[in-house]
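# Close look at the chain arrangement
Residues per chain are reported as follows:
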Amino acid sequence: MNKIFTKAAFAASMTVLSFGAAAETASFQAGVTVQNAFTFTNDAPLDFGTIRASGDLTGTETATLVLAANPATAPTTASTDATAAEIAILVAGTPASFSVSGVSPFGTLTITNPTETAIAPDTAPAGTAAFTLGTPTYYVLTGATPNSAATTTIQVDSNGEATFNFGATITTTGVAATSDYIDGSYSGTFTLELNY
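Here is what the cut-offs are and how they apply
Residues numbered from 1 in each chain as written. Predicted model: local features only at pLDDT ≥ 70, side-chain atom pairs only at ≥ 80, totals over all residues. Heavy atoms only, no water. Core = buried A, V, L, I, M, F, W, Y, C linked by side-chain atoms within 4.5 Å. Buried < 20%, exposed > 50% of the residue type's maximum accessible area, 1.4 Å probe, protein only. Helix = DSSP H or I, 4+ residues; strand = E, 2+ residues; numbered from the N terminus. Pairing = 2+ DSSP bridges. Axes fitted to C-alpha atoms, helices over the stretch in contact; angles between N-to-C directions. Contact = heavy atoms within 4.5 Å.

### A word on the nonpolar core
With 32 residues, the main nonpolar core has F48, F131 and F164 as its most contacted residues. Looking at this core, the elements that each hand over two or more residues are β3 (63–67), β6 (96–101), β7 (108–112), β9 (131–142) and β12 (162–172).

### Comments concerning the sheet that holds β7
Strand order across the open sheet formed by three strands is β11-β7-β14, with antiparallel pairing between neighbours. Both edges of this open sheet fall to β11 (153–155) and β14 (193–195), since each of them pairs with a single strand only. Shown here is a sheet whose adjacent strand axes are inclined to one another by a mean of 30°, direction ignored. Relative to β11, β7 is paired through three bridges, and the arrangement is antiparallel. Considered in β11, the bridge of T108 is made with Q155.

### Some details on unusual backbone geometry
With a phi angle near 60°, F106 is a residue other than glycine that sits in the positive phi range. For F106, the position within the fold is in the loop between β6 and β7. Owing to a relative accessible area of 46%, F106 belongs among the partly exposed residues under this scheme. A positive phi angle, near 55°, is found at N147, a position not held by glycine. Residue position: N147 is located in the loop between β9 and β10 (148–150).

### Let's talk about the pairing of β12
Burial of β12 is extensive: nine of the 11 residues sit out of reach of the surface. Note that β3 and β12 share four bridges and pair antiparallel. Looking at β12, one finds that V66 is bridged to T169. With nine bridges connecting them, β9 and β12 associate as antiparallel partners. Among the inter-strand pairings, T132 is bridged to a residue of β12, identified as T171.

### A look at the pairing of β3
Burial along β3 is one-sided: A63, L65 and L67 are buried, and none of T64 and V66, which face the opposite way, are. Two elements, β3 and strand β4 (residues 76–79), share four bridges in a ladder whose sense is antiparallel. Residue pairing across strands places L65 opposite T77, the latter belonging to β4.

### What about the environment of V175?
With respect to the helices, strands and loops of the structure, V175 is situated in the loop between β12 and β13 (186–187). For V175, a relative accessible area of 56% gives the class exposed. A C-alpha to C-alpha distance of 9.7 Å links V175 and T62, two positions 113 residues apart in sequence.

### A closer look at the environment of L67
If you trace the backbone, L67 turns up in strand β3. Its relative accessible area of 3% is what places L67 among the buried residues. Spatially, the C-alpha atoms of L67 and T137 are 8.9 Å apart, while their sequence positions differ by 70 residues. Apart from the residues lying within four places of it in its own chain, the contact partners of L67 are L46, D47, F48, P75, G93, T94, P95, T137, G167 and A168.

Put into structure tokens, the structure is as follows:
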């Protein structure tokens, strides 16, 4: 019986000793760096080349030139009535090219297409026929899925980088103009947006 009592007393004294142990604390800081921004650059402009163009001044018939984003695809032309509106390619153009970096590895970027805007003569009288730009297309050159067409998203590679081309269609004026196309340069400014 004394042995049981002694063992119980010893266990109780050990419990008291463990509750009396010293404790220390240390303070520390936690932090994080946020980088939502990434680098997005236009490396080459969208160049539809050199063409011969005539438009329907009544705005009824139209002609189109399709410049594909895929550099291996030849540009094409079409017309609703070639006697009224026509585009002929003299020197083929090249798609616009873009590069992206500073994105999280294999991140996916959502494309917001440019809004349709006129490509007008740089110097010409008022009322001169212009073109409209529309139907954008995308072709990924490097990234998570290189050498492939893209529609609404682009995925970067393990380094957070990608390069891609932008193609589009120009259409002869669909509204009445007072003067047909004249020799010279035509241009317009467009905005392409990527989000992730």
